[in-house]
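An overview of the molecular structure
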Amino acid sequence: GIQVEQSPPDLILQEGANSTLRCNFSDSVNNLQWFHQNPWGQLINLFYIPSGTKQNGRLSATTVATERYSLLYISSSQTTDSGVYFCAVNSGNTPLVFGKGTRLSVIA
Amino acid sequence: EPEVTQTPSHQVTQMGQEVILRCVPISNHLYFYWYRQILGQKVEFLVSFYNNEISEKSEIFDDQFSVERPDGSNFTLKIRSTKLEDSAMYFCASRRTENYGYTFGSGTRLTVV
C-alpha cells in the first residue's frame, strides 16, 4: 500500500518563529489532507489539498503531486499551534492513510 | 459547518464487555469510516462502509468488531469482547463522494480496564 513519510518527527519552536513540515508519499494520490491533533485528541482538518497551494491565515500548504510531496507552512507560530500535525493521503476509494505525524511544541 | 458527531466522548469498560461507539455522519455523505489511534501512535484505518455494506476492512478489524448503520443516520462500531489492547481513541469519518475530503469526528476515547 501507499507509504506516507513525515518530517521532522519532532520540532520545537520559539513563539513567533516560522516552520515548514514535509510530507512525502510513495504513489500518486487524488486526496491529500493536513490535520492538526490538539491536546484533547481531536483531529482538526486544516487543508484538503491534492494539488496546488492554499492559505488560511498563518497557515499555508503546497502539494506538488507530480513529485509526491506536500509542505505545510506555519508562520508566526503561537503556543496554540502546539500538537501533532498529520498528513494523510488516498487515491480513489482506497482508505485514507496517515503518516506518523510531526509533533510541534511552541514555547513562549 | 456540518460536523460528524461521536458519542460518548469517553468510555471506560471492563475487559470482556461489549461496547458500542456511536457516530452521526454528515447527512449528505455516502462513505463512512472508522479509524483508531493507540496512544502516541499513528491513526490507523479499521473499516469503510458504503451502500449499507462494508467495502474494505483492515487486518485489525477482526471478528470481534462489527459496524452497522441501523437507521439511516447513525453509524455504529461494536466491539464484542473488549481486550486491554483495544484501549485507544476511535474516530468516525465520512465524506460525500470519492472526490471529497474526509471529515472526522472528535473521537471516543475507550479505556479497557
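Report on the accompanying structure.

Parameters at a glance
Residues numbered from 1 in each chain as written. Chains lettered and ligands numbered in written order. Predicted model: local features only at pLDDT ≥ 70, side-chain atom pairs only at ≥ 80, totals over all residues. Heavy atoms only, no water. Contact = heavy atoms within 4.5 Å. Buried area = accessible area lost by both parts, 1.4 Å probe. Salt bridge = Lys/Arg side-chain N within 4 Å of Asp/Glu carboxyl O. Polar contact = N/O pair within 3.5 Å; in protein donor to acceptor, adjacent residues only side chain to side chain. Helix = DSSP H or I, 4+ residues; strand = E, 2+ residues; numbered from the N terminus. Disulfide = S-S within 2.5 Å. Buried < 20%, exposed > 50% of the residue type's maximum accessible area, 1.4 Å probe, protein only. Core = buried A, V, L, I, M, F, W, Y, C linked by side-chain atoms within 4.5 Å. Pairing = 2+ DSSP bridges. Axes fitted to C-alpha atoms, helices over the stretch in contact; angles between N-to-C directions.

**Some words on the interface of chain A and chain B**
- Between chain A and chain B, the contact holds 19 residues from the first and 18 residues from the second.
- Among the residues of chain A in contact with chain B, L43, P95 and F98 of chain A are the three that bury the most area, contributing 31% of the side total.
- Taken together, the links from chain A to chain B amount to 0 salt bridges.
- Put simply, chain A and chain B have 7 residue pairs in polar contact (both at pLDDT 80 or more) between them.
- Sorting the residues of the side of chain A that touches chain B by element identifies β4 (31-37), β5 (43-48) and β9 (83-90) of chain A as the ones contributing at least two each.

**What to know about the state of the cysteines**
- Summed over all chains, the structure comprises 2 disulfides over all chains.
- Shown here is the disulfide that connects C23 of chain A with C87 of chain A, its sulfur atoms set 2.0 Å apart. Judged by the sign of its S-S torsion, about -60°, the cystine formed by C23 of chain A and C87 of chain A is left-handed. Taken as a pair, C23 of chain A in strand β3 (residues 19-25) and C87 of chain A in strand β9 lie far apart in primary sequence, 64 residues in all. The pair C23 of chain A / C87 of chain A is uniform in exposure class, with both members buried.
- C23 of chain B shares a disulfide with C92 of chain B; S-S distance 1.9 Å. Note on the C23 of chain B and C92 of chain B pair: the S-S dihedral is about -65°, so by sign convention the disulfide is left-handed. Taken together, the residues span a long stretch of sequence, with C23 of chain B in strand β3 (residues 19-24) and C92 of chain B in strand β9 (residues 88-95) at a distance of 69 residues.
- The class for C23 of chain B is buried, based on a relative accessible area of 1%.

**Concerning the nonpolar core**
- Core analysis: the largest hydrophobic core is formed by 22 residues, its most contacted members being W34, L46, F61, V67, F75, L77 and Y90 of chain B.
- The set of elements that each furnish at least two residues to this core consists of β3, β4 (31-37), β5 (44-50), β7 (65-68), β8 (75-79), β9 and β11 (108-112) of chain B.
- Not counting the four nearest positions on each side in its chain, L77 of chain B is found in contact with V19, I20, L21, W34, L46, F61, F65, S66, V67 and Y90 of chain B.
- One finds V29, W34, Y85 and V89 of chain A within the second-largest nonpolar core, a separate group that totals 21 residues.

**Some words on the pairing of strand β6 (residues 52-56) of chain A**
Residues and elements named next belong to chain A.
- The buried fraction of β6 amounts to 0 of the 5 residues, a small share that puts the element mostly on the outside.
- With 5 bridges joining them, β6 and strand β7 (residues 59-64) adopt antiparallel strand pairing. Directly across from Q55, in β7, lies its bridge partner S60.
- With antiparallel pairing between neighbouring strands as the criterion, β6 and β7 make up a hairpin whose turn holds 2 residues, including G57 at a positive phi of roughly 65°.

**A short note on the sheet that holds β3 of chain B**
Residues and elements named next belong to chain B.
- Here 4 strands make up an open sheet; going across it, the order is β1-β3-β8-β7 and the pairing antiparallel. Of all the strands in the sheet, the pair left with one neighbour each is β1 (5-7) and β7. The average angle at which neighbouring strand axes cross in this sheet is 20°, direction not considered.
- The pairing of β1 with β3 spans 3 bridges and is classified as antiparallel. By the bridge assignment for β3, T5 is matched with V24.

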